[in-house]
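Fold and contact review
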Amino acid sequence: MVDRLIAEQTTTWEMARRNYEALREVRVRELRFPVEGGEMHFRLQYNPARIRSSAAKVDATSLQERPCFLCHRPSEQQALPFGGHYEILLNPFPIFPRHLTIVEREHLPQRIASRMRDMLALARLLPDYTVFYNGPLCGASAPDHAHFQAGNRGFMPVEAEWRHRVGSVCAREGKAVLLALNDVPRHALVLTSPSAEEAERLFARLYAALQCVEGVDGGVQVEPMLNILCYYEAGEWVLILFPRKRHRPSCYAVEEGRGILCSPASVDLGGVLVLPREEDFLKLTVEDVKGILEEVCLNWENEHLTDI
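Just so it is clear, the model here is predicted, and its values are computed rather than measured. Within each chain, residues carry numbers counting from 1 in the order of the written sequence. Residues qualify for local features only when their pLDDT is at least 70, as the model is predicted, and side-chain atom pairs are given and counted only at 80 or more; totals for whole chains, interfaces and linings, by contrast, use all residues. Excluding hydrogens and water, the side-chain values take into account all heavy atoms of the structure.

Things to note about the pairing of strand β9 (residues 176–181)
Counted residue by residue, β9 has six buried out of six residues, so it is predominantly covered. Any two strands are treated as partners once DSSP identifies two or more bridges connecting them. Only DSSP runs of H or I reaching four residues or more are called helices, and only runs of E reaching two or more are called strands; each is numbered from the N terminus. In terms of strand pairing, strand β8 (residues 166–173) meets β9 through five bridges, oriented antiparallel. Opposite alanine 171, over in β9, you have leucine 178 as the bridge partner. Where β8 folds back on β9, the antiparallel hairpin that results is connected by two residues, among which glycine 174 adopts a positive phi of roughly 65 degrees. The pairing of β9 with strand β10 (residues 189–193) spans four bridges and is classified as antiparallel. By the bridge assignment, valine 177 is partnered in β10 with threonine 192. Categorising residues by exposure relies on relative accessible area from a 1.4 Å probe, with only protein chains included: less than 20% of the type maximum marks a residue as buried, more than 50% marks it as exposed, and the intermediate range marks it as partly exposed.

Laid out in structure tokens, this is it:
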């Protein structure tokens, strides 16, 4: 059904057809730098159509002044039902060759605490996809409307690399295990579990620990700053978690000729940095990437999260 939706939408919906055709022509270059025991790979994607997301104004005033684009959708955009209260849509501004947005039918705020079970069910339903979640203060361009996204499995370098970066075990819940990766300066965590219920309980423990972290960007937290990738493979769920301390790096600037228009979210932290401006695509260096990761990623060890 999802394949049919994509095929129909990229044929009959002109904007989507143009953007998916343009995606085949996007320019890509790769950066690598050493981490403990190997290399970390980042792929830079020059994708002008994504400027809507990278430059999105997500402050409370701007959100109140604009209509919600997940409620007020183009008439051409079709939907498939999921889980009784979600709709699966084709994302018309793709990063992936197959890029979906999964939208809550009601206009409810972006929060993961009560939706982890839905994320796990979605990953099980879509085994050829990686499902991802961007928190309301760290990457969601619609923080006022609950949604997930999904794209082709294996597209992000971290999906292949994380098993070579496993460091310490942070916590267990039955057969569910929370691992810390040796991938400084990204400081990612990975939760694996053959049981959805145990995965949900262990995630809840991590979520509670992250809520105790003070001094994050934006002041009062509506929820812990967190980006999540999730997929189902060989009988178990894999969640790659990126705790955050800042929404956008200090180099972030929308104005031409200033800074770098890079607003890291799940896909960027997964190893595909999406850059809507050519100047940034051409000039970004390994040191820039490392600096961005150091600014936006939370070092969970330094924040006393070892007793999850």
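Comments concerning the pattern of salt bridges
In a structure, side chains of opposite charge can pair up when their charged atoms sit close to one another. Here a salt bridge means any side-chain nitrogen of Lys or Arg lying within 4 Å of a carboxyl oxygen belonging to Asp or Glu. The full count for this structure, using the stated rule, is 22 salt bridges. With a closest N to O distance of 3.7 Å, arginine 98 and aspartate 3 form a salt bridge. Placement of arginine 98 in the loop between β4 (86–90) and β5 (99–104) and of aspartate 3 in helix α1 (residues 2–12) is noted, with a sequence separation of 95 residues between them. Note on arginine 98: relative accessible area 25%, which makes it partly exposed. Taking relative accessible area as the criterion, aspartate 3 reaches 51% and is therefore assigned exposed. The partner of arginine 32 in a salt bridge is glutamate 39, with the nearest N and O atoms 3.5 Å apart. Take arginine 32: its relative accessible area is 47%, and that puts it in the partly exposed class. Take glutamate 39: its relative accessible area is 37%, and that puts it in the partly exposed class. Linked by salt bridges that have partners in common, Arg153, Glu159, Arg163, Glu233 and Glu236 make up one network.

Comments concerning the nonpolar core
Leu178, Ile228 and Leu241 are the most contacted members of the largest nonpolar core, which has 51 residues in total. Here this core gets eight residues from one element, more than from any other, and that element is helix α7 (residues 196–211). We call a set of buried Ala, Val, Leu, Ile, Met, Phe, Trp, Tyr and Cys residues a nonpolar core when their side-chain atoms join them within 4.5 Å. Listed in part, the 39 residues of the second largest apolar core include Phe33, Ile240, Leu284 and Val296.

What to know about the packing of α1 against helix α2 (residues 14–23)
For the pair α1 and α2, interaxial distance at closest approach is 5 Å and the crossing angle is 100 degrees. By the angle between their directions, the pair α1 and α2 is classed as roughly perpendicular. Residues Gln9, Thr10, Thr11 and Thr12 of α1 touch α2, and the partners they reach there are Glu14, Ala16, Arg17 and Tyr20. Axis definition: a line fitted to C-alpha atoms, limited for helices to the stretch in contact. Angles are taken between N-to-C directions and run from 0 to 180 degrees. For classification purposes, angles smaller than 35 degrees are called roughly parallel, those larger than 145 roughly antiparallel, those between 65 and 115 roughly perpendicular, and all remaining angles oblique. Contacts between residues were defined by any pair of non-hydrogen atoms, one from each residue, lying within 4.5 Å.

As for the packing of aromatic side chains
Each aromatic pair joins two rings of Phe, Tyr and Trp (for Trp, the six-membered one) with centres within 6.5 Å, and gets the label stacked for planes under 30 degrees apart, edge-to-face for over 60, and tilted for any other angle. A complete count under the given rule lists nine aromatic pairs for this structure. A ring pair is formed by phenylalanine 33 and phenylalanine 42, whose centres lie 6.1 Å apart and whose planes are at 10 degrees; its orientation type is stacked. You'll find phenylalanine 33 and phenylalanine 42 in the same group, each marked buried. Ring centres of tyrosine 86 and phenylalanine 148 lie 6.1 Å apart, and the angle between their planes is 40 degrees; this geometry places the pair in the tilted category. Placement of the pair is tyrosine 86 in strand β4 and phenylalanine 148 in strand β7 (residues 147–152), with a sequence separation of 62 residues.

Side note on the environment of tyrosine 207
By the element assignment, tyrosine 207 lies in helix α7. Judged by relative accessible area, which is 11%, tyrosine 207 ranks as buried. For the pair formed by tyrosine 207 and aspartate 3, sequence separation is 204 residues and the distance between their alpha carbons is 34 Å. Not counting residues up to four positions away in its chain, the partners in contact with tyrosine 207 are Ile112, Ala113, Glu223 and Pro224.

Bear in mind that shape data such as this cannot, by itself, settle questions of function.
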